[in-house]
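Examination of the molecular architecture
Spelled out, the chains give:
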Amino acid sequence: MTATLGAPAIETFDSLDPATGAVLSTWPVHTDEQVQATVASASEAARWWGDLGFAGRKPHLAAWRGEIARGMPELAALMHSENGKPYADAVLEITLAVEHIAWAARNARRVLGSRRVRSGMLAANQASTLEYAPLGVVGVIGPWNYPVFTPMGSLAYALAAGNAVVFKPSEHTPAIGAWLVEAWKRAVPQAPDVVQLVTGFGPTGAALCRAGVDKIAFTGSSATGRKVMAACAEGLVPVLMECGGKDAMIVGDGADVKAAADAALWGAMSNAGQTCTGIERVYVTDASYDGFLDELTSRAAKLRPGSAEGASYGPITMPGQIDVIKRHLADALASGGRAVTGGTVEGALVAPTVLVDVPETSAAITQETFGPTVTVTRVADVDEAVRLANATSYGLAGSVFAASSKAGVEVARRLRSGMASVNSVIAFASVPGLPFGGVGESGFGRIHGDDGLREFTRPKAITRQRFALPVPLTSFERPDGVTGQLVRLARLRHGRG
Ligand code: NAD
């Protein structure tokens, strides 16, 4: 707690360098009242922003995109220091994020603009239109693992749809969140309140849920998602839930095991394994198992975690997660599993770890580990692989390597997940036109693509009567004989089915 002379005490928190623990910056813990005031001013701004229409908003979104693209080296350096990820990975993340702003701005009118709908026989005298109106203010609660890409899936699409946003970044990456909001203010100085920032811990996020927002877009753990839903339930505030995962890769007979191992390694270990759609389990058919495991193990052993230039991945960002990773490793080893490489944790650095012979009941298989670890399990055939891959309460994404692309797509369809990649890993995240989201404990609702734009709107149905029906159906003036005619008509049209 820090206090300024003559001013009320302001509670603050520090953002830390995950590699060293050094304090990088200090941020206010916004109170319920401050969050409410922020949402109130965002409501005002939302009216102006909504009234601009698709064409009016487009240049402002382009200016923001330009500001982020030009500032990429600075933002990537900030991400390296505050989140711990390698600079090159930060650049890739920002590149994907600005593509989403461009896509959302370019496609908003096509997806959400007013369109005619056929009125049907009984309403032939009506002209029917459907349009998707903005909700007002969207509260975006973000995580720390992809502190630019992940919230952008909500920010860009909510803004393109005509909403103002109040963004609460993770308490582990407040400076990155603030950078994005400041970039907006530089790009769109006439409307700074359209994108605003609140900072703090869980209670600040909970305050946002109760501050009069029109929707909450939450990305984070399933456990926190439940709390967010409970807070939103009080005011019937709709929610978008982008939660955790325990994604599996399936490697079938005849698959290219080198390509599969390369993809599994990136899926499991990049970003220090702190990826919601990261690969945490691999199921490999008997024929491919030995070749795949050899490739994966030798490649994993070459990775170099750390903060120096050229490191493969950085430290674990959130100190509390290190205990979870250690617990999962210990449980896997105690229940009969083996680490064929890695298995050690030094400070915030977790060695690239490949685990085999881990029982399906172990925490390393059933719970989200969120570290650079992966289990590899031998299965008799693809059917067993699909059954085990789907035996999880999560359902975010998955990856399939098979002898042919066609066979791979068939297996991908059988995965109980919102997304899947065949012959690659996490590729869906780089396709702006594809919806992103999960099922089960991975959440519901979608960011990205047409569905991601509609997520931040309410469908508005309008009928305009063009002429009065010769025989009124919805009037107390309805003639007596109409009922018999309706019965005959309904039988004619539907009675033979
Ligand atoms: P978290 O659940 O700890 O926190 C997420 C956000 O919620 C933070 O901003 C936090 O301050 C806030 N919060 C905490 N308690 C709250 C409360 N009671 N009310 C409102 N807000 C509250 O998650 P995290 O550790 O920041 O992120 C990692 C998790 O996010 C992992 O489970 C990961 O899989 C998931 N994730 C999912 C996606 C996706 O798109 N599905 C993307 C990235 C991360």
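**Considerations on the overall build of the protein**
In terms of helices and strands, the protein carries 15 helices and 20 strands. Taken against the 2.2 N^0.38 rule, which gives 23 Å for 497 residues, the C-alpha radius of gyration of the protein at 26 Å falls within 12% of a compact globule. Over its C-alpha atoms, taken along the principal directions, the protein stretches across nearly 85 × 75 × 40 Å. Out of the 497 residues in the protein, the part that is buried amounts to 52%. Within the protein, contacts between residues at least 6 apart in sequence are counted, and of these 70% link residues at least 24 apart. Of the roughly 21500 Å² of accessible surface on the protein, 56% is carried by carbon and sulfur atoms. Distance between charge centroids for the protein: 12 Å, based on 45 positive and 46 negative side chains.

**Thoughts on the side chain of Thr375**
Mapped onto the elements of the fold, Thr375 is located in strand E16 (residues 373–379). Beyond its immediate chain neighbours, meaning those up to four positions away, Thr375 contacts Glu280, Arg281, Val282, Leu355, Val358, Ala364 and Ile365.

**Points about the pattern of salt bridges**
Tallied over the entire structure, the rule returns 17 salt bridges. Between Asp450 and Arg110 there is a salt bridge, with the nearest N and O atoms lying 2.8 Å from each other. Here Asp450 is found in helix H14 (residues 449–454), whereas its partner Arg110 is found in helix H3 (residues 87–112), with 340 residues between them in sequence. Here Asp450 falls in the partly exposed class, since its relative accessible area comes to 21%. The partner of Lys168 in a salt bridge is Glu171, with the nearest N and O atoms 3.7 Å apart. Looking at Lys168, the relative accessible area reads 3%, which means it is buried. Take Glu171: its relative accessible area is 25%, and that puts it in the partly exposed class. Connected through salt bridges with shared partners, the residues Glu67, Arg70 and Arg186 form a single ionic network.

**Notes on the packing of aromatic side chains**
Throughout the structure, instances matching the rule amount to 7 aromatic pairs. Between Trp144 and Phe370, the aromatic rings sit 5.7 Å apart at their centres with planes inclined by 80°, giving edge-to-face as the arrangement. With Trp144 in the loop between strand E5 (137–141) and helix H4 (149–160) and Phe370 in the loop between helix H11 (363–366) and E16, this residue pair connects regions lying 226 residues apart in the sequence. Summarising the burial analysis for this pair, Trp144 and Phe370 share the class buried. An aromatic cluster is defined as three or more aromatic residues linked by ring pairs; in this entry it consists of Trp48, Trp49, Trp64 and Trp184. In this arrangement the basic side chain of Lys85 is found over the ring face of Tyr146, its NZ or CZ atom lying 4.1 Å from the centre.

**Side note on the domain arrangement of the protein**
Domain annotation of the protein identifies domain 1 (2–244 + 448–458), domain 2 (247–391 + 397–431) and domain 3 (467–494). The distance between the C-alpha centroids of domain 1 and domain 2 comes to 31 Å. Between domain 1 and domain 2, the residue contacts involve 20 residues of the former and 20 residues of the latter. Buried surface at the junction of domain 1 and domain 2, summed over both partners, amounts to about 1600 Å²; 60% is from carbon and sulfur atoms. Joining domain 1 to domain 2, the criterion identifies 0 salt bridges.

**A closer look at the site of the ligand**
In the region of the ligand, 30 residues are neighbours, and Glu171, Ser221, Thr224, Cys243 and Glu368 sit closest. Between Trp144 and the ligand, the recorded distance is 2.8 Å, taken from a side-chain N or O atom to an oxygen atom. In this structure, Ser221 approaches the ligand through a side-chain N or O atom, which is 2.7 Å from an oxygen atom. Across the complex, the protein chains shield 91% of the 860 Å² of accessible surface that the ligand would expose by itself. Residue assignment for the shell around the ligand shows that the elements contributing at least two residues are helix H6 (202–209), strand E8 (215–219) and helix H7 (222–234). Residues that form the shell around the ligand fall into these classes: 14 nonpolar, 11 polar and 5 charged.

**Remarks on the confidence of the model for the protein**
Mean pLDDT for the protein: 96, with 98% of residues reaching 70 or above. No element of the protein has a lower mean pLDDT than helix H15 (residues 482–494), which averages 93, and none a higher one than E5, which averages 99. In this model, residues 1–5 is a region of pLDDT below 50 whose contacts with residues beyond four sequence positions or in other chains number 6 contacts.

**A few points about the packing of helix H2 (residues 72–83) against helix H5 (residues 174–187)**
One can describe the packing of H2 onto H5 by two numbers: an axis separation of 9 Å at closest approach and a directional angle of 160°. With respect to each other, H2 and H5 are oriented roughly antiparallel. For the pair H2 and H5, the sense of crossing is left-handed. Only Pro174, Ala175, Ile176, Trp179 and Leu180 of H5 make contact with H2, whose side of the interface consists of Glu74, Leu75, Leu78, Met79, Glu82 and Asn83. Residue composition of the contact of H2 with H5, by class: 8 nonpolar, 1 polar and 2 charged.

Thresholds, definitions, all that
Residues numbered from 1 in each chain as written. Predicted model: local features only at pLDDT ≥ 70, side-chain atom pairs only at ≥ 80, totals over all residues. Heavy atoms only, no water. Helix = DSSP H or I, 4+ residues; strand = E, 2+ residues; numbered from the N terminus. Rg over C-alpha atoms; globule rule 2.2 N^0.38 Å. Buried < 20%, exposed > 50% of the residue type's maximum accessible area, 1.4 Å probe, protein only. Contact = heavy atoms within 4.5 Å. Areas by Shrake-Rupley, 256 points an atom, 1.4 Å probe, with all protein chains shown as cover. Lys, Arg positive; Asp, Glu negative; His and termini not counted. Charge placed at Lys NZ, Arg CZ, Asp CG, Glu CD. Salt bridge = Lys/Arg side-chain N within 4 Å of Asp/Glu carboxyl O. Phe/Tyr/Trp six-rings, centres within 6.5 Å; stacked < 30°, edge-to-face > 60°. Lys NZ or Arg CZ within 6 Å of the ring centre and 35° of its normal. Domains from an automatic or database assignment. Buried area = accessible area lost by both parts, 1.4 Å probe. Near = heavy atom within 4 Å. Polar contact = N/O pair within 3.5 Å; in protein donor to acceptor, adjacent residues only side chain to side chain. Nonpolar A, V, L, I, M, F, W, Y, C, P; charged D, E, K, R; others polar. pLDDT = per-residue confidence, 0-100. Axes fitted to C-alpha atoms, helices over the stretch in contact; angles between N-to-C directions. Parallel < 35°, antiparallel > 145°, perpendicular 65-115°, else oblique. Left-handed = near helix turned anticlockwise from the far one by under 90°.

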